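Chains, contacts and geometry: an overview
Here is how the chains run, residue by residue.
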Amino acid sequence: MIQRKRISLIGAGNIGGTLAHMIALKGLGDIILFDINKGAAHGKALDILESSPIDRFSINIIGTNDYKDIQGSDAVIITAGMARKPGMSRDDLLKTNALVMQNVAENIKQYSSDAFVIVVTNPLDAMVSVVHKYSGLPTNKVVGMAGVLDSARFRYFLANALDVSVEDVHAFVLGGHGDTMVPLVHYTSIAGIPLTHMINTGLITQKTVDEIIKRTRNGGKEIVDLLQSGSAYYSPASSAVCMLESYLCNKRRILPCAAYLDGEYGVKGLFIGVPAIIGKNGIEKILEIKMNNDEQQMFNQSVDAVLKLTQKT
Ligand code: APR
């Protein structure tokens, strides 16, 4: 009998609930939805299950506040902790969420030490380090979700400005998740045509691209200000599911994610956003790409910012 995959979601808030729904619709595996708030985990699990006859998925979902239930998970996605309120930066969440990550990681160590762990909780890059430290997992099994989301925002804004399908826009955003992220314009292409070529031929102006870069950096804040309670959750959930699918289905997609650098990009011992292949062993390979001087400088600033924050945890 083929066993269904076990996917544990730690945090049943806005992102956790959306993740559970998406994973159920895609039928990726059985779901264990954990939260310290028992009602949220149980309520959302049951609500989603009650949609299963309509959407025709035959997986199981349990809501729990007992870590024993995550035993033997193939993958864990962490969204537990506090989300931003208007006026707060991601970094304001540092101390509170670092303690939550320590607790979550210790339980992963005890109950699911073979899992592939995707961290979504902010401030992202620093939280991935905490999870790695306390989970005892190898570096290829712990990763942070940021780059997929940041590059999706960049791609969406570009597609809108060019009035073309989002499907044809490919882009990379590197570095930390936050103000120091590094959108790589000269690696961005539209149906294979470099964005730089489009700027040179007047299809889009440099000014518009600069505005899009600024909007991408502020993408999370824009949503926080609009929502007025909580932060983005549909697009973060989609991004984490994309990484999860690459792992569970051994797709070997190249995705920008907060991965552990052991000398790559001249950085040692830090989790930060870089392009990586995600396959059945987790992070299978970090791809090193050449940056121009401006990009390298921005990347270095991003590394410094992430390092400072990580040291404070
Ligand atoms: N253990 C487990 N769950 C916890 C813990 C904990 N120690 N502390 C808080 N939680 C739960 C809360 O009960 C809540 O249900 O985490 C959930 C967080 O949900 P939301 O507040 O809705 O936040 P969400 O929008 O899902 O974002 C979660 O992801 O993108 C980041 O910045 C965001 O850090 C935030 C995280």
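Residues numbered from 1 in each chain as written. Predicted model: local features only at pLDDT ≥ 70, side-chain atom pairs only at ≥ 80, totals over all residues. Heavy atoms only, no water.

The name given to the chain in an unreviewed UniProt entry is Malate dehydrogenase, with Wolbachia pipientis as the source organism. Regarding the chain, the UniProt comment filed under Catalytic activity (unreviewed entry) reads as follows: "(S)-malate + NAD(+) = oxaloacetate + NADH + H(+)". UniProt's Function (unreviewed entry) comment on the chain is quoted here verbatim: "Catalyzes the reversible oxidation of malate to oxaloacetate." (UniProt positions renumbered as here; feature names shortened; annotations may be inferred.)

1. Description of the nonpolar core
One finds Leu9, Leu19, Ile23, Ile77, Met243, Leu244 and Phe299 to be the most contacted residues of the largest nonpolar core, which totals 57 residues. Here this core gets 8 residues from one element, more than from any other, and that element is helix H10 (residues 234-248). Of the residues that make up this core, three or more belong to each of domain 1 (6-144) and domain 2 (147-311). The residues touching Leu244, leaving out its near neighbours within four places in the chain, are Ile7, Ile23, Leu28, Ala75, Ile77 and Ile118. In this structure, Ile32, Ala98, Val128 and Val130 belong to the second largest nonpolar core, which totals 30 residues. (Core = buried A, V, L, I, M, F, W, Y, C linked by side-chain atoms within 4.5 Å. Buried < 20%, exposed > 50% of the residue type's maximum accessible area, 1.4 Å probe, protein only. Helix = DSSP H or I, 4+ residues; strand = E, 2+ residues; numbered from the N terminus. Domains from an automatic or database assignment. Contact = heavy atoms within 4.5 Å.)

2. Looking at the pairing of strand E1 (residues 6-10)
By the criterion of burial, E1 is predominantly enclosed, with 4 of the 5 residues buried. For the segment spanning E1, helix H1 (residues 14-26) and strand E2 (residues 30-34), crossover handedness is right-handed. With 4 bridges connecting them, E1 and strand E4 (residues 75-78) associate as parallel partners. Within E4, the residue paired with Ser8 across the bridge is Val76. (Right-handed = clockwise from strand over helix to strand, strands pointing away. Pairing = 2+ DSSP bridges.)

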